[in-house]
Structures are given as structure tokens and as C-alpha cells.
Amino acid sequence: DRNHAGRHAELGQADADDVMGTMPKRGIMPLRAWLPSSGLVLVLCLPIASAGDRDPDGSRLRIEDAGLVVEVSPRLGGRMLHLSLPGAPNLLKVGDAVVAQPDPRVDAQAGDIGYLGHQVWLGPQSQWWTHQQANPVRSEARAPWPPDPWLSYAATAIVVQAADRMALRGPPSPVSGVRMTHDYALPAGKPGTLVTTATMRNIRDTPVSWGLWFNSRLPADTRVYVPVAGDRDVRLRHDVDAGFDGLSGATEGGFFTLDLDTPAADKQGRRGKVFIQPRAGWMAGFRAGQAFVIRFDLQPRDHIHAEHGQVELYLNWLPGDQAGSLLEMEVHGAYTTLAPDAEANAKETWIVRRYDGPDGRNAQLAFLATMLAAAGIDP
């Protein structure tokens, strides 16, 4: 995957080279405990903007229950721009472009715009521009960047708007040959839980082959845990150049984590990507007094395009520069060939809880055990 240059462009960074790395092994720690649940309260879904991530005309849609606040922008590809406990900081990282460029131009010459948040791409990335003639230059170059503008930030139609659910349908894309629908739902009786489903439909009269790709952007200091069987299921790509050191990460006790260790004295930060075949269908994170689990359907390795891992983590970290830093938590669905008019979907289930414990591995894993047990998820 040599396609990280475009991601750096979102944060004003330069390209880098790929370097393979390895991880040290550490000890094993079991997970046990439980977490009680609470009742569900729903409010009407209204156009609203949250403080700190405000749209100029308040065009976001919002659903909320006793344990979760979710905001989505229909005008920017149906992407999610806010996810948190009520009154808590946004878990997602949102770019200034949400306010500065609320009405982007959508055509085959358009570039990427750093709206960030949570959105859905298609994999493999190397084929983004190879199945179209709307931009022959990008097709010829097999351009790995930018993402399809029609999927990324074209305005979507509101298909469902209810107290506990919203569904948004995008326009047909001449670049990818699909139409995307995004569904966000708060399941009854499960406060603090969001189910988000992406559906792609083949709009061409010939088959298309893609895998759905969830990409959630978060602040770089989010602590992530991915369940893995061992080092053999984790591959690190260190994006090292004159300014950036590679990643620091390790497999410990059946989990992979990234560490924000101080980079070498002559480097300004750390940057790279991790490709993971998880041992279970979830990953978790901790930040800003909140713990969250992202659950997904675990796929056999051969169901994921060889270019990708089912879970991928991308880190661009500059110590002391939160605005210029970024973490991406990514999940790939099965690589699928769709006949004309056929559909395929993939989903993520987010579970969010308040966490007031220490910022340490042992305490976080112990709390994570309670969340998994309460949700009936195998650790």
C-alpha cells in the first residue's frame, strides 16, 4: 500500500517510503467482569450542529438516546461527524473544511477535501480510478488518490428520518459504478449503541468488484486495542522520511496496540500503517473519558482483498500538534463481485461507555472486559 501520500495531504504532510517492521512480544493477561445496562430514551431527530464542529447553516441530522449522540451530514456524502456520550467530547476528528467548504464541487477532476469524520470508501484503493473514463488521466495513472468524490462528499437524499434512525442515499457514481446508502440506527433497549450499515448497489450493466471500507478518523492520542492471535497476523508499514520516524507498536496478551513513543531526536513525529487479520470481530478504543467497541463481521483472510487487512490502523502523529495529527480506525468488508443491480452491505456496531479509570493498559483492558461481557462479545 503506497497510497498514504493523499492522507498526508489532508494534514499538509509529504509522501513517504514503505518499510516493513516487527513487534516485540509481551505477557498475557485475561479479561473478566461485567457491566450493567440502562434504559433507552429517544429524542426527535432534528437538523442540528454540535458546539465545536458547527455547520454554518445547522444542516446535520441528529439522533440521540440515553447513552449516545450521533450527528450525520447529508450534504457531505452521508458521513458521520459526531459520536459521543451525551455532553462528552466528540470521539471523531472533524476537519475545518466542514465549515470552510460546506458545498464542494463534485466532478471527476475534484480532489480530496479533509472533512474527516467517519465515512465509507471502497477497496482496493489501487483500483479507485481504473474502472472509469470520466477522468482518463487518473485511469491511465492508476491513481490511488483522491477518493471517489461522488462517494466522499456528494449530497445525499434523506430516505428515512426518525427518532432512532436515519438513512441517506447517495447519487450514482460514474467513477466507482455504484450507488451508496448509509443507515444509522439506535437499537431499542441498547443505550449507547449505534448500528451503521453501508450498502453498495451496482448501477452498471456489467459486473463490478469492490469491498466496503469503513474509515473512522479520530484524534491520534486515542488508545486502540485490536485482538490478534499473534505477530504473524500484524504487518507494519513504517512511513519513514527525513521528518518522520516509523510506528511504535506491540502485540501483548492477544492484543495489538500502537504506542506514542517519542520519535528519534532528528524526527518530528511518527507515521505509518498497520494491516491486521484480527482473531475476533471487534476493536476498541479509549479517549476523553470514554471507552468504545467497534464490532464487525469477522471475515476469513481470503475474503479480504490481498491489498488490505480486515482491520487497518493509520497514524500520523506530531507530538504537541493535535490539529496536525490523526488516527484512522478502518474495517474492510468482504471483496465482492456484484452483477448489474445487485447489492452488498457491511455494518459496524459501536458501543460507547463512560470510562473514568486510569490511563493504563491493565485498567483499560479490565474495563474493556466488562463491556465485552455485557454485550455478549467473545474477548
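Residues numbered from 1 in each chain as written. Predicted model: local features only at pLDDT ≥ 70, side-chain atom pairs only at ≥ 80, totals over all residues. Heavy atoms only, no water.

Caption draft 1: How the structure looks around the sheet that holds strand β23 (residues 343-354). Taken in spatial order, the ten strands of this open sheet run β7-β8-β9-β10-β23-β19-β18-β12-β16-β15, and their pairing is antiparallel. Single-partner strands in this sheet number two, and they are β7 (157-161) and β15 (249-252). When the angles between neighbouring strand axes are averaged without regard to direction, this sheet yields 20°. Packing of helix α5 (residues 361-375) onto the sheet brings it into contact with β12 (223-227), β15, β16 (255-258), β18 (282-287), β19 (290-295) and β23, and relative to β19 it is tilted by some 50°. (Pairing = 2+ DSSP bridges. Helix = DSSP H or I, 4+ residues; strand = E, 2+ residues; numbered from the N terminus. Axes fitted to C-alpha atoms, helices over the stretch in contact; angles between N-to-C directions. Contact = heavy atoms within 4.5 Å.)

Caption draft 2: How the structure looks around the packing of aromatic side chains. Using the criterion set out here, one finds eleven aromatic pairs in the structure. Measuring from ring centre to ring centre gives 5.1 Å for Trp-121 and Trp-128, while their planes differ by 80°; the resulting arrangement is edge-to-face. Considering the side-chain rings of Phe-292 and Trp-350, the 5.5 Å spacing of their centres and the 20° angle between planes classify their relative orientation as stacked. Here Phe-292, found in strand β19, pairs with Trp-350, found in strand β23; they are 58 residues apart in sequence, far enough to count as distant. (Phe/Tyr/Trp six-rings, centres within 6.5 Å; stacked < 30°, edge-to-face > 60°.)

Caption draft 3: Spotlight on the confidence of the model for the protein chain. Scored by pLDDT, the protein chain comes out at a mean of 88, with 85% of its residues at no less than 70. Between residues 12-56, whose pLDDT stays under 50, and residues either more than four places distant or in other chains, the model counts 135 contacts. (pLDDT = per-residue confidence, 0-100.)

Caption draft 4: Layout of the side chain of Thr-257. Structurally, Thr-257 can be placed in strand β16. Residue Thr-257 is classed as buried on the basis of its relative accessible area of 1%. Not counting chain neighbours up to four residues away, the residues in contact with Thr-257 comprise Arg-223, Val-224, Tyr-225, Ser-248, Gly-249, Ala-250 and Arg-361. (Buried < 20%, exposed > 50% of the residue type's maximum accessible area, 1.4 Å probe, protein only.)

Caption draft 5: Layout of the environment of Asp-378. Note that Asp-378 resides in the segment after α5. Through-space distance from the C-alpha of Asp-378 to that of Ala-280 is 7.5 Å; in sequence the pair is 98 residues apart. Excluding its chain neighbours within four sequence positions, the residues that come into contact with Asp-378 are Ala-280 and Trp-282.

Caption draft 6: The arrangement of the pairing of strand β11 (residues 208-218) in detail. Among the eleven residues that make up β11, ten are buried, leaving the element largely enclosed by the rest of the structure. Direction of pairing for strand β6 (residues 118-123) relative to β11: antiparallel, over a ladder of six bridges. Directly across from Gln-119, in β11, lies its bridge partner Asn-215. Both β11 and strand β22 (residues 336-338) contribute to a ladder of three bridges, which runs antiparallel. Bridged to Ser-209 within β22 is Thr-337. Here β11 runs beside strand β21 (residues 326-332); their pairing, made up of six bridges, is antiparallel. Paired with Trp-213 across the two strands is His-332, which belongs to β21.

Caption draft 7: Local environment of the pattern of salt bridges. What the rule picks out here adds up to 17 salt bridges. One salt bridge in this structure joins Asp-107 and Arg-105, with 2.6 Å as the shortest N-O distance. The shortest N-O distance in the salt bridge between Arg-237 and Asp-239 comes to 2.8 Å. Here the two residues Arg-237 and Asp-239 agree in accessibility, since each one is buried. In this structure, a network of salt bridges that share partners links the residues Arg-60, Arg-62, Glu-64 and Glu-71. (Salt bridge = Lys/Arg side-chain N within 4 Å of Asp/Glu carboxyl O.)

Caption draft 8: Just α5, in detail. For α5, with 15 residues, the first-to-last C-alpha span of 21 Å sits near the 21 Å given by 1.5 Å per residue. Summarising the contacts, the buried residues of α5 are in contact with β12, β15, β16, β18, β19 and β23. One or two residues past the end of α5 sits Gly-376, with phi positive at roughly 70°. (Expected span 1.5 Å × (residues − 1).)

Caption draft 9: Seen up close, the environment of Ala-188. Looking at where Ala-188 falls in the secondary structure, it is placed in the loop between β9 (178-185) and β10 (193-202). On the accessibility criterion, Ala-188 (67% relative accessible area) is exposed. For the pair Ala-188 and Asp-65, spaced 123 residues apart in the sequence, the C-alpha separation amounts to 9.4 Å.

Caption draft 10: Broad picture of unusual backbone geometry. A cis amide bond links Gly-123 with the next residue in sequence, Pro-124, at an omega value of 10°. Position of Pro-124 among the secondary structure elements: in the loop between β6 and α3 (136-141). For the bond from Trp-145 to Pro-146, the omega torsion is 5°, close enough to zero to count as cis. As for its placement among the helices and strands, Pro-146 is situated in the loop between α3 and α4 (149-152). Phi at Ala-288 takes a positive value of approximately 55°, unusual for a residue other than glycine. By secondary structure assignment, the location of Ala-288 is in the loop between β18 and β19. Even without being glycine, Asp-341 reaches a positive phi, approximately 70°.

Caption draft 11: Up close: the pairing of strand β17 (residues 269-276). In terms of residue burial, β17 counts as a mostly covered element, since eight of its eight residues are buried. The side-chain alternation of β17 yields two buried faces, one formed by Gly-269, Arg-271, Lys-273 and Phe-275 and the other by Arg-270, Gly-272, Val-274 and Ile-276. Of the strand pairs in this sheet, strand β13 (residues 234-238) and β17 are connected by five bridges, and their pairing is antiparallel. Bridge assignment links Arg-235 to a residue of β17, and that residue is Phe-275. The pairing of strand β14 (residues 244-245) with β17 spans two bridges and is parallel. In the strand pairing of β17, Phe-244 is matched with Gly-269.

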